[in-house]
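Residues per chain are reported as follows:
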Amino acid sequence: MSTKTRKLLQPQYISQFHCIGPACADSCCIGWRVQIDKDTYQRYRDCSDTDLRHMMDERVTRHRTNPTNYNYAKIKLNPNSHCPFIDEDKLCSIQRKLGEEYLSITCTTYPRTANTVNGVTEKSLTMSCPEAARQALLNPGLMTFDEIEELIAVRNTEGKQIDTANPKIAHKPERYFWEMRIFIIALLQKRDYPLWQRLVIIGLFCRSVDQLVSEAKVHDLPILIGTYLNQIDEGLFKEDLDAVPSELTIQMELMKEVADQRIFTGVNSQRFLECFAEFLHGIEYVVESTKEAIGKRYAAAATNYYQPFMAEHEYILENYLVNYVFKNLFPLSGEKRIFDNYVMLIVHYAMIKLLLIGMAGYHKENFNTDHVLKLIQSFAKTIEHNNAYLKNVSDILKANKFNTMPYMAILIKN
């Protein structure tokens, strides 16, 4: 094996992570269609194990439309949404019989995701893995990052790439990606501001960046960052932030509708459905109740149970957001407008908060970190990995003109 290495940037929590196999609370081999890369597919065609080869021929099928080397084939799941290669011990029969080299890139790398920024591989973990969520979210200290070396032979996912020195982006926000990222992560971790205030300031910043772009003044971005840093340090945002209204009924109605869109399309994750049921019970969401009555119960759950818990554990949501920013190359997460990427960040945060408030109302004084981890992990598995649903949410918000800073502030503040 080659001993050549490449630079790797990753959150420090990754060094503590390892797959716990059958002890895991939610198998990654249940509920997802497994993509097979071309090299792995060819290995399956040459498999010498008679039993496995028969199953591979039957359950691994080629993509006939727009196949790629990474997404060349797929595994057909059993009717119960389990991978057919999982054995009675909840272990992968392919890995057990043939070794890890016979696993697809998807199976080998999960829950790791990888991007490339300025030639450096950046690796993080998706929170849809229970053990990854536990390692990433439960550290009360600030999330930090390490630059290490990784063997070139290590396989990684095909992620996004950014080269800030590329002449093609010389006059685009991408040119200042690192400056924006450092500012945003530092602000997310500035704990002398409540988390909701940090998120509102990030929204104001993203809106200001789009304004610079529209005025062809993108090279003023470092000056903009400096201005925001001075205003934050001097507390100049405090008065405006205090004036942000708390509209819990509107918040609950809007995010409940967004969550319903996902539930109605069908959800495989039993853990997420359990969390959603607890949310409904926690605010007594019944047809007979008026929106105002449900809104009052939602506000009561937030005040009496959610906020006291989060006063001691807000670092969990902070860690989730920092990991989201790093993993998704925020604020360059896919949409052309920076603010549109911010809206999607807030949709994730607000939906998690909505469900946690209801769950807190359900569990009352017994609400704890296990409930939070269960929700965030099952949310990531059900929501974050469903690009079609997220695109639909984005379209709904735009069509109803909800993708504005005032509406985002309503979703954020409790």
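Before reading on, note that the structure itself is shown above.
The present account deals with the structure reproduced in this document. (Residues numbered from 1 in each chain as written. Predicted model: local features only at pLDDT ≥ 70, side-chain atom pairs only at ≥ 80, totals over all residues. Heavy atoms only, no water.)

**Thoughts on the packing of aromatic side chains**
Part 1: On inspection of all chains with the given rule, the structure shows 13 aromatic pairs.
Part 2: Between Phe 183 and Phe 205, the aromatic rings sit 4.7 Å apart at their centres with planes inclined by 55°, giving tilted as the arrangement. One end of the pair, Phe 183, is in helix α6 (residues 177-188); the other, Phe 205, is in helix α7 (residues 195-214), and 22 residues separate them in sequence.
Part 3: For Phe 183, a relative accessible area of 4% corresponds to the buried category.
Part 4: Judged by its relative accessible area of 0%, Phe 205 falls in the buried class.
Part 5: Between Tyr 320 and Tyr 324, the ring centres sit 6.5 Å apart and the planes meet at 40°, which makes this aromatic pair tilted. Pair noted here: Tyr 320 and Tyr 324 are both in helix α13 (residues 315-327), with a separation of four residues, about one helical turn. No difference in accessibility class separates Tyr 320 from Tyr 324, as the two residues are buried.
Part 6: Counting every residue linked through ring pairs, the aromatic cluster contains Phe 183, Phe 205, Tyr 228 and Phe 237.
Part 7: Just above the ring of Tyr 41 sits the side chain of Arg 45; from NZ or CZ to the centre is 4.7 Å. (Phe/Tyr/Trp six-rings, centres within 6.5 Å; stacked < 30°, edge-to-face > 60°. Helix = DSSP H or I, 4+ residues; strand = E, 2+ residues; numbered from the N terminus. Buried < 20%, exposed > 50% of the residue type's maximum accessible area, 1.4 Å probe, protein only. Lys NZ or Arg CZ within 6 Å of the ring centre and 35° of its normal.)

**Regarding the nonpolar core**
Across soluble globular proteins, nonpolar side chains show a tendency to be buried alongside one another.
Part 1: Among the nonpolar cores identified, the biggest contains 112 residues, and Met 127, Phe 205, Tyr 342, Leu 356, Leu 375 and Ile 376 are the most heavily contacted of them.
Part 2: When residues of this core are assigned to their parent elements, the largest contribution, 18 residues, is made by helix α14 (residues 338-363).
Part 3: Among all residues touching Phe 205, those that are not within four sequence positions of it are Met 180, Phe 183, Ile 184, Leu 221, Leu 224, Ile 225 and Tyr 228.
Part 4: Counting residues in hydrophobic clusters, the runner-up holds 16 residues, among them Met 56, Ala 73, Ile 75 and Leu 103. (Core = buried A, V, L, I, M, F, W, Y, C linked by side-chain atoms within 4.5 Å. Contact = heavy atoms within 4.5 Å.)

**Thoughts on the sheet that holds strand β3 (residues 60-62)**
Part 1: Spatially, β2-β4-β3 is the arrangement adopted by the three strands of the open sheet, whose pairing is antiparallel. Lying at the two open borders of the sheet, with one neighbouring strand each, are β2 (34-36) and β3. Each adjacent strand pair in this sheet contributes to an overall mean axis angle of 30°, direction not counted.
Part 2: Where β3 meets strand β4 (residues 73-75), three bridges bridge the pair, whose relative direction is antiparallel. Paired with Val 60 across the bridge in β4 is Ile 75.
Part 3: Helix α2 (residues 50-59) contacts β3 and β4 of the sheet and is inclined by roughly 45° relative to β3. (Pairing = 2+ DSSP bridges. Axes fitted to C-alpha atoms, helices over the stretch in contact; angles between N-to-C directions.)

**Here we look at the packing of helix α5 (residues 130-137) against helix α15 (residues 369-384)**
Part 1: It is the contact of α5 with α15, at a shortest axis distance of 9 Å, that shows an interaxial angle of 125°. Overall, the two elements α5 and α15 adopt an arrangement that is oblique. Crossing of α5 over α15 shows right-handed handedness. Touching Pro 130, Ala 133, Arg 134 and Leu 137 of α5 are Leu 373, Ile 376 and Gln 377, all from α15.
Part 2: Tallied by class, the residues present in the contact of α5 with α15 amount to five nonpolar, one polar and one charged. (Parallel < 35°, antiparallel > 145°, perpendicular 65-115°, else oblique. Left-handed = near helix turned anticlockwise from the far one by under 90°. Nonpolar A, V, L, I, M, F, W, Y, C, P; charged D, E, K, R; others polar.)

**Focus on the sheet that holds strand β1 (residues 5-11)**
Part 1: Read across the open sheet, the five strands follow the order β7-β1-β6-β5-β8; overall the sheet is mixed. Unpaired on one side and paired on the other, β7 (145-151) and β8 (161-162) mark the two borders of the sheet.
Part 2: Where β1 lies against strand β6 (residues 120-125), two bridges are found, and the strand directions are parallel. If you follow Leu 8 over to β6, its bridge partner there is Thr 121.

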